[in-house]
Structures are given as structure tokens and as C-alpha cells.
Amino acid sequence: MSEAVIKEVNKLAAIATDMELSASMRTNAIKNMGDIGTREALLALLELAANERLNPSERKLALKQADRIIK
């Protein structure tokens, strides 16, 4: 796995959990992690789905993106 991909997943996860950013930016970060489709992205998405600080719709989207990776 490329170090660049891991760094990108970490950056997107940080954006997705930054509650000072707009909901659309957080949502786009979650979608982009789903598009990456790696094991690291899957794990990060599952962590987001379990994060109670996020909005329910963002948690549901993270779970949906994780499901896409699994399939």
C-alpha cells in the first residue's frame, strides 16, 4: 500500500471529523474515502460510522461507503 494513499485517507478522515467545517465538506470527504476503496479507507469509514459526534446522516453515509468497499 502506498504511503501517499494512507496519508490521503488520514487527511480525509480529519476533514470528515472536523465539526468546524461545513457538512458538505465532511460529506465529500466521506465519499472520497469510499472512492479510494482500500483497507485503510474501510477502517477509517467504520471509525467514522461509530463516531457519535458526527451527524446521523454522516454516520450512515460512512457505513454505506464502507459497505461499497466490502462488496
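What counts, and where the lines are drawn
- Residues numbered from 1 in each chain as written.
- Predicted model: local features only at pLDDT ≥ 70, side-chain atom pairs only at ≥ 80, totals over all residues.
- Heavy atoms only, no water.
- Helix = DSSP H or I, 4+ residues; strand = E, 2+ residues; numbered from the N terminus.
- Expected span 1.5 Å × (residues − 1).
- Buried < 20%, exposed > 50% of the residue type's maximum accessible area, 1.4 Å probe, protein only.
- Arc of directions from axis to C-beta.
- pLDDT = per-residue confidence, 0-100.
- Core = buried A, V, L, I, M, F, W, Y, C linked by side-chain atoms within 4.5 Å.
- Salt bridge = Lys/Arg side-chain N within 4 Å of Asp/Glu carboxyl O.

*Asks:* Any chance you could explain helix H2 (residues 23–36) here in plain terms?
*Replies:* For an α-helix, the turn length of 3.6 residues means that residues three or four places apart are oriented alike. The terminal C-alpha atoms of H2 lie 20 Å apart, and with 14 residues this matches the ideal 20 Å at 1.5 Å per residue to within 8%. Among all positions in H2, only Arg26, Ala29, Ile30, Met33 and Gly34 are buried. Within H2, the buried residues cover an arc of 140° as seen down the axis, which keeps them to one side. Once H2 ends, the next one or two residues include Gly37, with phi positive near 75°.

*Asks:* Mind showing me how you'd approach the confidence of the model for the chain here?
*Replies:* Predicted coordinates in areas of low pLDDT are best not read in detail. Of the residues in the chain, 99% have a pLDDT of 70 or more, and the chain-wide mean is 95. Taken element by element, the predicted model of the chain shows its lowest mean pLDDT in helix H1 (residues 3–17) (95) and its highest in helix H4 (residues 56–70) (97).

*Asks:* Just to check I follow, could you spell out the nonpolar core for this structure?
*Replies:* Nonpolar side chains tend toward joint burial in soluble globular proteins. The biggest cluster of nonpolar side chains holds 18 residues, and the ones touching the most others in it are Ile30, Met33, Leu45, Leu48 and Ala62. Among the secondary structure elements, those contributing two or more residues to this core are H1, H2, helix H3 (39–50) and H4. The element best represented in this core is H3, accounting for six residues.

*Asks:* Before we go on, may I ask you to explain the pattern of salt bridges in this structure?
*Replies:* Should their charged atoms come close, side chains of opposite charge can pair. Under the defined criterion, the tally for this structure stands at three salt bridges. The partner of Glu58 in a salt bridge is Arg26, and the shortest N-O contact between them spans 2.8 Å. Placement of the pair is Glu58 in helix H4 and Arg26 in helix H2, with a sequence separation of 32 residues. For Glu58, a relative accessible area of 2% puts it in the buried group.

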